[in-house]
Amino acid sequence: MTDTERFGTGQVAVPLSTYRLQITADFDLDAAAQTVGYLRDLGADWVYLSPLLKAEAGSDHGYDVVDHSLVDPARGGAEGLDRFAATAHRAGRGVLVDIVPNHVGVATPRHNAWWWDLLQNGQQSRYAEAFDVDWAFGQGKLRIPVLGDDENGEDVAGPGELARLEIVDGELRYFDNRFPIAPGTADDGASPVDVHARQHYELVNWRRADNDLNYRRFFAVNSLAGIRVEVPWVFEESHREIVRWVSDGLVQGLRVDHPDGLADPAGYLDELRRATNGAYVLVEKILEGREQLPTSWATAGTTGYDALADVDRVLVDPAAREALDGLEMRLQGDAVAWDDLVYRNKRAVADSILRSEVLRIARLVPSPELSAEHAAEHVAENTIDALADLLAWFPVYRSYLPLGLADLEEAARRSAAHRADLQAEVDRLLPLLGDPGHPAAVRFQQTSGMIMAKGVEDRAYYRFSRLTSLNEVGADPGEFAVSVGEFHDRQRTRQAGFPQSMTTLSTHDTKRGEDVRARISVLAEIPAEWEAALERLRAAHPLGDAPFENLLWQAIVGAWPASRERLAAYALKAAREAGTSTTWTRANPDFEADLDALVTAAVQPGPTHDLVSELVGRVQLAGWSNSLSLKLLQLTMPGIPDVYQGSELWETSLVDPDNRRPVDYALRRDLLTRIEGGWLPPVEESGAAKLLVTLRALRIRRDRPDLFTRYAPVPAFGAAADHVVAFDRGGVLTVATRLPIGLQAAGGWGDTAIAVAGRSYLDLLTQHRYEGPSLRLIDVLERYPVALLVAADDHQSPPTPTGRHA
C-alpha cells in the first residue's frame, strides 16, 4: 500500500503515535505542512492539530469557535487544510484534529452569527434552542456581563455607565462592544438607554456574572457560551464541516474537547461515531485516581493526562514525603491535607465565580416552600448551600448516570460528616440528582466538572507547594509517588482496557512542561538541601506568602534558564490564580511590585542569581536523567504516544501562554540530520540526547508495531534494583533510571542486572550489543540513563525515508 492509499477516503485507521501542532495565524496550515517531512523522519505517525474552525480574531488557541462552517481563514482556510492533508498523506502521515463541541466564542457578537441572531431576536431566534439560556430567570432577557464599574468604583453599574451607550450604524455600542438592535425598537428616536431596555438582552455589570448570569458558559469564561449539541440539528450544523473533513479523507481522527460539559457525553460520542463512520476518536477526559473511562463510550480513550501522572510519580522518591510534608506544614502554618484543600477551594468557587451555575441547578429543584411561579427568582438558601456542598465534595469531575451514582452518594456522606445541618436537604436532593432524566441531575453533572477544574486546577494547584511537579492537570497532588510495582500494574491495566488511548507528557494545558517537572522531582531526593536553599531565598525576597514562595522558587529552578519576561509573566499569573495575596479582579500593587523585584533579582547578576544557579547545578544532571526516563517510558508504555510540539528537545515551558511559544524546527532538523549521520549526542544543554530517544522510540513503534503487543515487567536483581524501571512490550525492552542522585550516592549500579532471554540484544540508542540472559546495567546504561533494547535477530533496519522534509 502506498503512503497516499493508506489514508483513502472513508478508511478507518488508528495512529501508532502523534505529534501535536498548535495552528495559529503565525503558524498556519501551510507552515505546518513544511514540518511534515521532519515529523515523518522523526518517526511520528499522525500529525495532531489544534482546533481549525474559524475562531475569534487573534485567538492563539482556537477553542473560541465563532463559525462552524469554515476552516479559519487566519489559519489557512479550507484550501490550507487541503494542502496540509495532501502533504501529510503523501508522506504517509495521518491527521488528527481537535474539535470543540461544548461551546462557542461570543466575545465579539458580530462575528458569531448564531449568537448575534439570538441577541437580536431573543426567544424567537432560530438559535434560541442552540444555546443554554434560562430565560425565565432573566425575565425574558439574556444577561451580558460587560458593563464596567461606575465612577465611584461600585460593583453595580449606575446610570453613568448606561449613559455611555451609543447607537452607531444601527447597532448598540458600549465602547468597542457592538450589539444588535431588534427590529422596530429604535425607530422612534429613543435614547440609547431606552433602546437598550427594549432588547432581548440586558447589559449588566461584569461582577454580576458570579450570581446573575443566565446562560451556560465554559467554566467561568463569560465569552465562551455553551451550546446544546444534544439537539439533532445543532449537532448536524455544528459538525457538518468536521464530518466533511473525515468523509473526504482529509482527517483520519478527532479529539473531543471537554466532553464533560455536554448534557449527554455518551450520546454525543455515539452520534459522532455514526457521522464519521467510526473514525478514531479521543476524549479530553480527566480521570481522578483509579477512575475508569466508561467502557460504553464510542472512543479509543483519553488524551493521556492519566498516563502523565503515572510516569511522573514513578520517578519521585517516596522517602521524601515526610520531610516535604513537614516543610509544607511549616509554610502553611498548620497541617494541610490535600483533600481538605480541594474541598475548601471547590466550595469557594461554588460560592463565588460559579455561583450562577449552582443557582441554575437550584432553580430546577422543586421547593416545598415556594410555588412554581416564584421558583425562578427565589430559591431556598439551604438548597443552594446543600448543592454547593455536594459539588465541593464530589470526588471526580462528573458522573454519567447511572454510572457514577456511587460518587454522588460518597459526596453526600462527606457532606453529612462535615455539615450535619445540611443532611436533611441533601437527603431530599439525592433522589433528584441521581435520576438521569431529571433536569437538575443533568445540570449538576455538567457543573461538577467546572467546580473541579476551577477549584483545583486553577486554584488549589497554586496553593499546595509540597512538590509542584505533582500539581499537574489530571493528576492528584495528594498521591506523592508510586512504586515500580504499582506502575507496572497500572500499565497492564492500560494495555488490557484502552490500548489505543493516548499518552502524553506535555500539552497546551499543562501547568509545567515535562522537563520542568522532571527537574523539580529531583528535589524529592534532596529535601533538606531544598529546604535550606528555600530559606535563604525567602529571607532575601520575602513576599509574606510562604507556600506561594515555595511554588514560585520551584518553578524558577525547574524552568532555568528562562528570560525575565517569561518568569515575570508566570509569577504574576500564578499569584493571581492562587488568590492568596493578589487576584485577577482585586490586584495588590505592593505585592505584585515585590513579586516583580523577586524575578528581576533571580535573573540579573547578583547573590540571588548565584544561589539559583548553584541550586540548578546541583539538580541539573539528575533532572536530565529524569527527563530521558520520562520520555522513553511514555513513548514505549501502552497507549498511543503523543509528542507535544518541540518537546523532542528540552521542554521547559510554564503555564500558557508560555507553552504555546514558536518552535525552532530548523534547529531540530539540523540535530536530527547529525544523529542520523551517526552522532551520539551527550546529555547536555542542547537536549539532542532527548531527540535521539524520541527518534528511536517513535521509529521502532512505527516500523515494528508487532513488537508492541503486550506489557510485561522485566525483573531487576542487585543492590540498585529499585533504581530501574524495565518492561517488555512484546519484543522491545525499555530500561529507565529512577532516583539518580540516590543511585550515585549508593555507588552506582554495581552488579545490578535485568533478567532477559538468552539472546543477543541491540540498544537502538547506542547501537551497542549485549548478551542475555543477564544484562548488567553498569554496561547497558553506561552512556545514557535509558536504553531501548530489541533482540538483534528481530531488528530490521527500516529503509531510509525518501523525499526528506517534503
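Above this text sits the structure in question.
A few points on the structure.

Definitions and cut-offs
Residues numbered from 1 in each chain as written. Predicted model: local features only at pLDDT ≥ 70, side-chain atom pairs only at ≥ 80, totals over all residues. Heavy atoms only, no water. Helix = DSSP H or I, 4+ residues; strand = E, 2+ residues; numbered from the N terminus. Expected span 1.5 Å × (residues − 1). Contact = heavy atoms within 4.5 Å. Phe/Tyr/Trp six-rings, centres within 6.5 Å; stacked < 30°, edge-to-face > 60°. Buried < 20%, exposed > 50% of the residue type's maximum accessible area, 1.4 Å probe, protein only. Pairing = 2+ DSSP bridges. Axes fitted to C-alpha atoms, helices over the stretch in contact; angles between N-to-C directions. Core = buried A, V, L, I, M, F, W, Y, C linked by side-chain atoms within 4.5 Å. Salt bridge = Lys/Arg side-chain N within 4 Å of Asp/Glu carboxyl O.

### Regarding helix 12 (residues 321-332)
The first and last C-alpha atoms of helix 12 sit 16 Å apart over 12 residues, in line with the 16 Å expected at 1.5 Å per residue. Where helix 12 is buried, its residues contact helix 22 (527-540) and helix 23 (546-559).

### Description of the packing of aromatic side chains
Think of a pair of aromatic rings as described by two things: how far the centres are apart, and how the planes are tilted against each other in angle. Applying the stated criterion across every chain yields a total of 21 aromatic pairs. A ring pair is formed by Trp 114 and Trp 233, whose centres lie 5.9 Å apart and whose planes are at 50°; its orientation type is tilted. In this pair, Trp 114 is assigned in helix 5 (residues 113-121) and Trp 233 in helix 9 (residues 232-247), connecting sequence segments 119 residues apart. A relative accessible area of 12% means that Trp 114 is categorised as buried. In this structure an aromatic cluster arises from ring pairing among Tyr 19, Phe 27, Tyr 38 and Tyr 665.

### Focus: the sheet that holds strand 10 (residues 177-179)
Across the sheet, 3 strands lie side by side as 8-9-10; this open sheet has antiparallel pairing. The open sheet terminates on both sides in strands that have one partner only, identified here as strand 8 (166-168) and strand 10. Neighbour-to-neighbour, the strand axes of this sheet turn through a mean angle of 35°, independent of strand direction. In terms of strand pairing, strand 8 meets strand 9 (residues 171-174) through 3 bridges, oriented antiparallel. For Ile 167, the partnering residue across the bridge sits in strand 9 and is Leu 172.

### Quick notes on the pairing of strand 9
Side chains Glu 171 and Arg 173 of strand 9 all project onto a buried face; the interleaved residues Leu 172 and Tyr 174 project onto the opposite face, where all are buried too. The antiparallel pairing of strand 8 with strand 9 creates a hairpin that spans 2 residues between the two strands, and Asp 169 there sits at a positive phi of about 50°. Where strand 9 and strand 10 come together, 3 bridges link them in antiparallel fashion. Of the residues in strand 10, the one forming a bridge with Arg 173 is Arg 178. The antiparallel hairpin formed by strand 9 and strand 10 contains 2 residues in its connecting segment, where Phe 175 sits at a positive phi of about 55°.

### Observations regarding the nonpolar core
Counting 123 residues, the largest nonpolar core has Leu 49, Phe 84, Trp 115, Phe 131, Leu 142 and Trp 245 as its most contacted members. With 9 residues, helix 28 (residues 688-703) is the single largest residue contributor to this core. Not counting residues within four places of it along the chain, the set of residues in contact with Trp 115 comprises Val 106, Pro 109, Phe 131, Leu 142, Ile 144, Tyr 215 and Ala 225.

### Some points on unusual backbone geometry
Each neighbour pair has its own omega, and for Leu 401 with Pro 402 the value is 10°, a cis peptide bond. Along the chain, Pro 402 turns up in the loop between helix 16 (381-393) and helix 17 (405-418). Geometrically, the link from Trp 560 to Pro 561 is a cis peptide bond, its omega value of -5° lying close to zero. Looking at the element boundaries, Pro 561 is found in the loop between helix 23 and helix 24 (564-578). Positive phi values are uncommon outside glycine, yet Gln 139 reaches one of about 50°.

### So, the pattern of salt bridges
Working definition: two side chains of opposite charge can pair if their charged atoms are close together. Counted by the stated rule, this structure contains 75 salt bridges. The salt bridge partner of Arg 273 is Asp 270, with a shortest N-O separation of 3.5 Å. Remark: Asp 270 and Arg 273 occur in helix 10 (residues 265-275); sequence separation between them is 3 residues, near one turn of the helix. The class for Arg 273 is partly exposed, based on a relative accessible area of 40%.

### Observations concerning the environment of Glu 648
Inspection of the secondary structure assignment puts Glu 648 in the loop between strand 18 (640-644) and helix 27 (665-676). For the pair Glu 648 and Lys 690, spaced 42 residues apart in sequence, the C-alpha to C-alpha distance is 6.0 Å.

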